[in-house]
Amino acid sequence: MKQLGRRMIDWVSSSRLHLYITGWALTLLLFLLGNLTLFWAHRTFFWTWDGLEQQFPFFLYQGRWLRAVLGSVIAGRPEVVLWEPFGIYGVDALEVLMNTIGNPVNLISVFSSPTTAEFLMQLTLPITLILAATTFLAYCEHRRFERVASLMGLLTYLFSCHTLLMYHQVHMIYPLVLAPIILLGTDRIFNGKGSLSLIVGMALLGMYSLTGTYMACILLFVYCLSRYVFLVQKKSLRVFLSLFVRMAIPLVIGIAISAFLFVPMAMNVLGQDRIGITRTYSAFYSFEYLQSMLLAALSFAPAGADCYWSLCFLGIICLVCAGGTTAGKAERRLSWVLLIGCILILVIPAAGRVMNGFSYPNNRWTWMYNLLMGVVVARDFPALMDAERSAVPARRLFWMLICLLALSAPMIARLQQPVFFAVSFIALAILAVVAFSYYVRSSRMLILGALYSAHILMTFNLAAVAAVTNQVPMGEAWSSHANNQGLDLLGAAADARVHQFDATGFPRAVRNAGFATGLRDATCYNSFYHSGVDAFHTSLGLATSFVNFSYEGLNARPNLEFFAGVDRFATPIGQEAARPWQFSQRLDERTGVDGGAVLFGTHDYAPTAWVAPRTLSRKAYEALPMVVRERALLDHVVLDEASDQDSVAIDAASAGVERLAYTWSVNPEKDMLAGTEAEPAAVEVNDHQITVWQPGACVYLKTNIPAERVLSVAVRGLEYAVFEPDPANGLSLAERYDRKFKTYQPYQSYGITVTGEPTSTLLHGYTSMSPLYAGKTDWVACVGYSDEARGVVTLCFNNPGIYTFSDIELYVDDLSALKRVSAEMPSWAADEQSWSTNAFRCTVDTPEDGSFLMLRIPYSSNWIARVDGQETSLQRADLAFMALKLSAGQHRVELAYHSRPLELGLWVSFAGMVAAVLYVAIESRMRTCVAGSAKDAHALHMMRD
C-alpha cells in the first residue's frame, strides 16, 4: 500500500500532463459510475418539464438552424435565419436560441437528427465536465497547489451541489467551465499580471447568459472588495482606484466582445416585461423551508427551484482543521467571509431573486460556491494532512468523527436503505481509522481520495434515485414531441410545414414540439419571447403566467382559431365534439395505447395578411367584454392611434353574442347556496365569494343555453387565498378544514375546471407566492359548441380555499359573425402571399384611401415594410401585431426582418475585440517597461555596491 500510494502520487506530481490525464479520467469515471442508477433505469438527463419542453427541442432547432446557415454559406449565398413562423404567430430565431447558442459545447447540435439528438445533447454533459476539470486544474497550477490536493479540490468542485442540476437543467452546468477562468483572470490582475484570462472568461459568459453575467459581476465585486480588505497590505485610495479600474476595463471589454449575443439577450429581457419585480415575497424564508434546506445540504436533495445545495464537508473540514497553521491565515479568513456570504445569500429570498433575474428566489449561482470550496480543498488539503501529525489523540479522534459525519450524514438523512448504508459507512469509518493510524502521508491521501470518491458515487446515485421518476425514458425524447397531441398525424401530411395546428382534450401538451419537429405546432410557449402576444391573449382571458406567458393552444375557441389561421385541429378519439365548430373535415386518425387521436381540417381560416374593413380604437376594444372582443377581432383592426370617432360602435348584441342569466347552487339537483346539517356541502357560495372545503368540490350555474351555440364562461377579478382565521368563532378556517379532511396545506396555484358539455376547460392561476404569478385575474373558458340545448355549467375547484371574484358571466355566440367573415375573407385576403428567409411578400388591392392591411405577425421594430418599393411605417395592431395604412389601388408589399440588436451587437463586439487587442498590448508593454526599470535599478544598485 505504501509503495502503491507513493508511486501513484509521484506519477501525478511528475508533470502537468499527468495531472490533466488523471483529472479527466477521474471526472469521466465518477460521472459514469455516479449515474449508474439513472442508466440502469433507462432514463435520460432530461427533466420531463424544462428538459423535454425547452432544452431538447431548442437543441434540435439549433442544429437545424446551424445547418441552414452553413448550407447557405456553402451554396455561396450566405444568410442567417432571423425569423421563424413557429408557435402560431412566429418568433425571433435568436430569442429561441438564447439559452443554447452561447454555449460552444452545443455546437455539436449541428450533427443532430431525430435519432441522434438525445444522445448528442447528453454527450454535452461529460464534455462540459471535462472542460471544467481542465480550467479548474489550470487555475490550481497557476496557484502552484500540490497536484494531488488539486485532484481532491477537483472532486469537490465538480461533484458537489451545482453539478446535480444536470438532472433538471442540462445547460446550467456550463458556468463550471468559465468560473475558474474568471477567477484566474481576477487573481492575475491583483498580482500585477495580464488581464487576458478575465477578458476571455467574461466574453464567454456574456455570450452564454445575461443573468450569469450580471451575477458574476456582483460576485466579483464582493470577492474583490473582500480580497482588498484581507490580502492587500498597502491600502490607500490610489491603490483601490487603480485596482478598480484594472478590474472594470477587462470586464467591460469582455462583455463588449460578447455583445453580438449579449445585446439581443439584454434587449429581449428588458423589452418583454419579464423581470418580474412586481411579485411579493416575504423578507425571510419560513423555518420549515430552512429545515428542508439543511436536509438538502446533508442529502444532496433539491433546495429550491433548480437548485442543489451541499455544505461541501471536505472544504469545511479543511477550513476548520487546517486553520491552525500560520501560512495563509489571511486567505483563510477571506475564505470564511466568502463562505458566510454564500450562506447569507442562500437564506435571504431577496438575494435569491437578484441572482435569478429578479424573478423567483433561486440559487443557480452555486457554481461560485462550488469554486470556493474546490479552491479551499486544493489549497488546504496538504496542510490538513500535515496538521494531523502533531495532533493530540483527542484532536485526532475529533477529526475522525467529523470525517465520519461528513461521509455518513447525506446517506443517513435519506434513510432509503438504512441497513445497507449503515454497513457501508461502518466499513468506510474503519478504513479511515486504519489509514490515519498506520499509513504514511501519501497512503493516507490515496485512501482518503478513494473514500471521498466512494462518497460522491453514493450521493450521486441517491440523487439519481430521487430524480429518476421525473426523467424522460431513454429513446422517448423525440417521440414525446413527434407524437404530441396528434402532431404525428400532421407530420404525415406532405405539406405539413405550411399548416397551422392546434389541439384540445389531451392530458398534457409537450410545449415547443414545433421547434423539435419543424412543424407549426400551436402550443404557444414562444409567447415567452413577446410581451405583446401575452397582452393580446391576456385581453381575451387566455391562461397565462408572468414568467413564460405559457398557455396551451387557443382554448378551442372558433373565433380565435380562425383569427390565428389554424387549419388543422386534433382531439382524442371520443372527444371529437370538443373541436371548434368550423373543423368539419375528418382527415386522419391514429389509435394506440393512449386512446388515439383524430385530425380535422377546415378551409375557414384567416390568412397572414388581409384588408380589415373597419378600425377600432384600443380604448374602445378594452371597454368590451372579453368574449365580445373575440368577435370584434374578426372584422376590425384595433389600433393604438385610432380615435374613437374613427371606430365603429360594437356591442354584444350586434356581435351575435348573448349574455345569459343563471342561478347558483351547490347541489346539481336542488337550488341551495350552502349545505345543511342533514345535507352538508363541501363548498359555500356567498355573494362574490366561494369557500371550498374539499378538493374537487363543485358549484352549479343553472341556466338555459340555446342549441347551436358556443358557450363561454368569463370570470372577472378572480382571486384565490388560503384559509385565514375566522374572528367570528375563534376557529380558523384551516382548523375547520383540518378537522373535516385532515389534509390542509397552503397552495401556490389553483385550478377551476369549467364544464358545460361537451367539453371541459381548466382555468389555472397562481398566487403571488408562486414563481409563475402573473397578477392576472380575468379569464374566459370556452366550453364548446353543441347542437342541443344545455342547462347547467359546472365549476369544480381543484384546491381548497377562498375564491373571490367581481363577476362570473355566461355568453353564447351564434357564430353568425364568424360564418359571415369566413364567407367574405377571400375578398379581403391579400394575393400572392409568400414567405422566404426573413421576409414576407404579398400583393393587395385596397378599395379606398386609408385602408389597413392587417398582418398577423408579431409587432417588432426589426420589421421594415416597403410598399411599392417605398419604405413605410408599420403600426401596432390588435395589441400584438402589425398593420399598414395604404392608399386606394393595387400595391406590392414586402416585409424584411433585420435584427437591429444583432447588428448593434456585432459592431460593439468588433469594437470590443479591437479594444482587447490594444489593451492587452498596452498592458504587456507596461509590464515590460516596469520589469526593465526594475532590472536597471537592480543593476545600478549592484554597481554601487
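A brief look at the structure comes next.

Cut-offs used in this document
Residues numbered from 1 in each chain as written. Predicted model: local features only at pLDDT ≥ 70, side-chain atom pairs only at ≥ 80, totals over all residues. Heavy atoms only, no water. Pairing = 2+ DSSP bridges. Helix = DSSP H or I, 4+ residues; strand = E, 2+ residues; numbered from the N terminus. Axes fitted to C-alpha atoms, helices over the stretch in contact; angles between N-to-C directions. Patch = residues over 30% accessible without salt bridge, like charges linked within 9 Å, V, L, I, M, F, W, Y side chains within 5 Å. Areas by Shrake-Rupley, 256 points an atom, 1.4 Å probe, with all protein chains shown as cover. Salt bridge = Lys/Arg side-chain N within 4 Å of Asp/Glu carboxyl O. Buried < 20%, exposed > 50% of the residue type's maximum accessible area, 1.4 Å probe, protein only. Polar contact = N/O pair within 3.5 Å; in protein donor to acceptor, adjacent residues only side chain to side chain. Phe/Tyr/Trp six-rings, centres within 6.5 Å; stacked < 30°, edge-to-face > 60°. Lys NZ or Arg CZ within 6 Å of the ring centre and 35° of its normal. Contact = heavy atoms within 4.5 Å.

**Thoughts on the sheet that holds strand 13 (residues 663-665)**
Next, step 1: On the basis of which strands lie adjacent, the open sheet formed by five strands has the order 13-16-22-19-20 and antiparallel pairing. Strands with a single pairing partner mark the edges of an open sheet, and in this sheet they are strand 13 and strand 20 (760-766). Between one strand axis and the next, the sheet turns through 20° on average, direction left out of account.
Next, step 2: Sheet topology places strand 19 (residues 749-755) next to strand 22 (residues 790-797); four bridges connect them, and they run antiparallel. Bridging from a neighbouring strand, threonine 755 pairs with threonine 794 of strand 22.

**Quick notes on a nonpolar patch on the surface**
Next, step 1: Taken together, the side chains of Trp907, Phe910, Met913, Val914, Leu918, Ile922 and Met926 present a nonpolar region at the surface, about 790 Å² in accessible area.
Next, step 2: Looking at the element boundaries, leucine 918 is found in helix 30 (residues 900-944).
Next, step 3: With relative accessibility at 52%, the residue leucine 918 sits in the exposed group.

**With respect to the side chain of serine 539**
Next, step 1: Topologically, serine 539 is positioned in helix 24 (residues 531-539).
Next, step 2: Here phenylalanine 536 takes part through its backbone oxygen, which lies 2.6 Å from a polar atom of the side chain of serine 539.

**Regarding the packing of aromatic side chains**
Next, step 1: In the structure shown here, the tally under the stated rule is 28 aromatic pairs.
Next, step 2: Among the aromatic residues, those joined into a cluster by ring pairs are Trp83, Trp835, Phe840, Trp863 and Tyr897.
Next, step 3: Of note, arginine 579 hangs over the ring of phenylalanine 600, and the distance from its end group to the ring centre comes to 4.4 Å.
Next, step 4: Between the NZ or CZ atom of arginine 629 and the centre of the ring of tyrosine 621, over which it lies, the distance is 5.5 Å.

**Considerations on the environment of threonine 602**
Next, step 1: Looking at the element boundaries, threonine 602 is found in the loop between strand 8 (597-601) and strand 9 (609-612).
Next, step 2: For threonine 602, a relative accessible area of 3% translates into the label buried.
Next, step 3: Along the backbone, threonine 602 and arginine 568 are 34 residues apart, and their C-alpha atoms lie at a distance of 6.8 Å.
Next, step 4: The contact partners of threonine 602, leaving out residues within four places of it in the chain, are Val566, Asp567, Arg568, Gln582, Phe583 and Gln585.

**Thoughts on the pattern of salt bridges**
Next, step 1: As enumerated under the stated definition, the model contains 22 salt bridges in all.
Next, step 2: For arginine 379, the salt bridge identified is with glutamate 331, shortest N-O distance 3.6 Å. Of this pair, arginine 379 sits in helix 17 (residues 366-389) while glutamate 331 sits in helix 15 (residues 329-347), placing them 48 residues apart in sequence.
Next, step 3: The exposure class assigned to arginine 379 is buried, which follows from its relative accessible area of 15%.
Next, step 4: As a salt-bridge pair, glutamate 630 and arginine 557 come within 2.7 Å of each other at their nearest N and O atoms. Of the two residues, glutamate 630 sits in helix 27 (residues 626-635) while arginine 557 sits in the loop between helix 24 and helix 25 (558-563), which places them 73 residues apart along the sequence.

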